[in-house]
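What the coordinates show
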Amino acid sequence: MAALDLTAEFTTENLNGSTILITGGASGLGEALFRRYASCGANVIIGDVNTALGESIVADVRRATNNPHHHFVHCDVSSWASQRAMYDFAIAHSVTGTLNTVIANAGITDHASVTALPPTVSDIFEEPNLRTIDVNFKGVVFTVRLAQHHFRRSPAGADMHVVLMGSMASFLDGSGEMGMYGASKHAVLGYFRSLRLAPGSQVPAAIRYNLICPYFVDTPITPVLAKLLLAGIELAEKDDVVESVLRVQCTDARGAVLVVVPPSAGRVVQMERLDTKEVEEFTNRILKVMKAEKRVKVAVRAVADVVKVAGLGSVLVGILAGIVVGIWVWRVVRPMMVLSRMMGVA
C-alpha cells in the first residue's frame, strides 16, 4: 500500500446513492459514521443490539436527510445467525440489492476481570467470561465472511470495501485487567494482515480492506473509571476517526492502516506495512510525539475532565480531583515514563 497523502482534500461525491452497512451503529463511532455517510447521500443500514436507540437514531437521520432508505436491524454480532439475518435484511432493503461498504465497528470493553482468581486454591474456578473476544474478534470475522459472500452479488467494476475497526490496543501493551480487549484488537490486526495479503481464492479479488486504529476516544464503551483515570490526557477526536474512514473509502485506498491519535500527535498517522511487523518502533515514534505535550497542561485538564465526567458539586471537586490526579500519576504517568525509558524515548 502506497503512502496516503493525509492532508489532501478528497471528494465524497461517489458516496451518493451507495449502500453502507455498519455494525454497532447506534452509538459512539458507529453513530458518528452513520450520520456522516448519510449526510453525503449514502443509504445506510445499521445493526446493533440496542433496538430502541437504533430505531430512534434512524428516525432522526431520516428526517434530517429526507431519505427513507436508512434502516435499523437488531443484531448481536457474536451470533452467526443474527449477522446472517442482518445481511439478508440489508440486501432486501438496499435500493440496488447490493452493498458497497461494510464497516465492522461493533465492539465492547472487558465486562469481567480476566486476572481475578478464586479466594483459595480449593474453590471452584469458574470459566472465564470471553464475551469481549466473542464480540470484538469473532464478530469481526463473521462480518467480514458474510461481506465476502454477499459482495459476489455486485456487478463488475463496483466498489467493494470492508473497513475493520481496530485500536491502538492492536499493537500496544496493556494491563491485565484489559487483557481480553487487547487480545481481541491484536487479533483484528492479525486477521487484517491476512486479508490484505491473501483473502482466499473464492473471495472476490476486488474487495478492498482497510483498518482504522483509534487511540482513546470518548465513546460510550469507555468505562467511567477509565475516563477518570484518563482525566487530563488528551484524547483522539471522534471526527478524526470518521474522516479517516471516509478518506480510505473515497481515495480507493487498499490495505491501509490509519492510526488516529490526539491532535498534538498529528491526528492521523499511517502505519506502513513494515510497521505492522515492527510495532515497537512505530509505538516508539508515537509515544515520543505524544509525551512532549503533556507536562504543562495535564493538571488543569485533569480537574476539568473529572468535573465533566463525574458531574460533581463544587464541594467534592477538590477532594476527588486530588484523588484522581494521584491515581493518574501512579497508574498512568509513572508506567508511561518507565515504558518510555525502556524504549529509549526519555
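This is a predicted model, so every value here is computed, not measured.

Below, the discussion takes up the overall build of the chain. Within the chain, the regular secondary structure consists of nine helices and eight strands. Sorting the 346 residues of the chain into buried and exposed places 47% on the buried side. The contacts of the chain with a sequence gap of at least 6 include a subset with a gap of at least 24, amounting to 73%. Carbon and sulfur atoms form 58% of the exposed surface of the chain, whose accessible area is close to 16,700 Å².

Further remarks concern the sheet that holds strand 2 (residues 43–48). Reading across from one edge, 3-2-1-4-5-6-7-8 is the order of the eight strands in this open sheet, with mixed pairing throughout. At either margin of the open sheet sits one strand with a lone partner, and together these are strand 3 (71–74) and strand 8 (268–270). Pairwise comparison of adjacent strand axes, ignoring direction, gives a mean angle of 20 degrees for this sheet.

Our next topic: the packing of helix 1 (residues 28–39) against helix 7 (residues 238–250). Each packed pair of helices is defined by two parameters, the angle between the axes and the distance between the axes. One can describe the packing of helix 1 onto helix 7 by two numbers: an axis separation of 10 Å at closest approach and a directional angle of 55 degrees. Taken together, the axes of helix 1 and helix 7 lie oblique to each other. Both helix 1 and helix 7 take part in a crossing whose hand is right-handed. Every residue of helix 7 that contacts helix 1 at Gly-28, Leu-29, Ala-32, Leu-33, Arg-36 and Tyr-37 is listed here: Lys-238, Val-241, Val-242, Glu-243, Val-245, Leu-246 and Gln-249. Partitioning the contact of helix 1 with helix 7 into residue classes produces eight nonpolar, two polar and three charged.

Before going further, it helps to examine the packing of aromatic side chains. For the structure shown, the criterion picks out three aromatic pairs. Ring plane angle 80 degrees and centroid distance 5.2 Å describe the contact between Trp-80 and Phe-142, whose orientation is recorded as edge-to-face. With a gap of 62 residues between them, Trp-80 in helix 3 (residues 80–93) and Phe-142 in helix 4 (residues 131–150) connect regions that are remote in the sequence. Classification of Phe-142 by relative accessible area gives buried; the value is 17%. Seen from their ring centres, Tyr-215 and Phe-216 are 5.2 Å apart, and the 75 degrees between their planes marks the pair as edge-to-face. Overall, Tyr-215 belongs to the buried group, its relative accessible area being 11%. Using a relative accessible area of 42% as the deciding quantity, one classes Phe-216 as partly exposed.

Once that is clear, we can look at the confidence of the model for the chain. Summarising the model, the chain shows a mean pLDDT of 84, and 75% of its residues fall at 70 or more. A low-confidence stretch, residues 333–346 (pLDDT under 50), is modelled with 17 contacts involving residues beyond four sequence positions or located in other chains.

Turning our attention to the nonpolar core. One finds Phe-34, Tyr-37, Leu-164 and Ile-212 to be the most contacted residues of the largest nonpolar core, which totals 78 residues. When neighbours within four sequence positions are excluded, Tyr-37 is seen to be in contact with Leu-15, Ile-20, Ala-42, Val-44, Thr-101, Ile-103, Val-245, Leu-246 and Gln-249.

What follows deals with the side chain of Gln-249. The topology assignment puts Gln-249 in helix 7. Residues contacting Gln-249, with those up to four places away along its chain left out, are Asn-14, Leu-15, Tyr-37, Thr-101, Asp-159, His-161 and Arg-208.

Another aspect to go through is helix 5 (residues 179–197). Taking 1.5 Å of rise per residue, the 19 residues of helix 5 would be expected to cover 27 Å, and the 27 Å separating its terminal C-alpha atoms lies within 8% of that figure. Along helix 5, the residues that are buried comprise Tyr-181, Gly-182, Ser-184, Lys-185, Val-188, Leu-189, Tyr-191, Phe-192, Leu-195 and Arg-196. On its buried face, helix 5 sits against helix 4, strand 5 (161–165), strand 6 (208–214) and strand 7 (257–260).

Taking burial as the measure, the seven residues of strand 6 include seven buried ones, the bulk of the element. Of the two faces of strand 6, the one holding Arg-208, Asn-210, Ile-212 and Pro-214 and the one holding Tyr-209, Leu-211 and Cys-213 are both buried throughout. Relative to strand 6, strand 5 is paired through five bridges, and the arrangement is parallel. Within strand 6, the residue paired with Leu-164 across the bridge is Leu-211. Between the parallel elements strand 5 and strand 6, the chain passes through helix 5 in a crossover that is right-handed.

Analysis parameters
Residues numbered from 1 in each chain as written. Predicted model: local features only at pLDDT ≥ 70, side-chain atom pairs only at ≥ 80, totals over all residues. Heavy atoms only, no water. Helix = DSSP H or I, 4+ residues; strand = E, 2+ residues; numbered from the N terminus. Buried < 20%, exposed > 50% of the residue type's maximum accessible area, 1.4 Å probe, protein only. Contact = heavy atoms within 4.5 Å. Areas by Shrake-Rupley, 256 points an atom, 1.4 Å probe, with all protein chains shown as cover. Pairing = 2+ DSSP bridges. Axes fitted to C-alpha atoms, helices over the stretch in contact; angles between N-to-C directions. Parallel < 35°, antiparallel > 145°, perpendicular 65-115°, else oblique. Left-handed = near helix turned anticlockwise from the far one by under 90°. Nonpolar A, V, L, I, M, F, W, Y, C, P; charged D, E, K, R; others polar. Phe/Tyr/Trp six-rings, centres within 6.5 Å; stacked < 30°, edge-to-face > 60°. pLDDT = per-residue confidence, 0-100. Core = buried A, V, L, I, M, F, W, Y, C linked by side-chain atoms within 4.5 Å. Expected span 1.5 Å × (residues − 1). Right-handed = clockwise from strand over helix to strand, strands pointing away.

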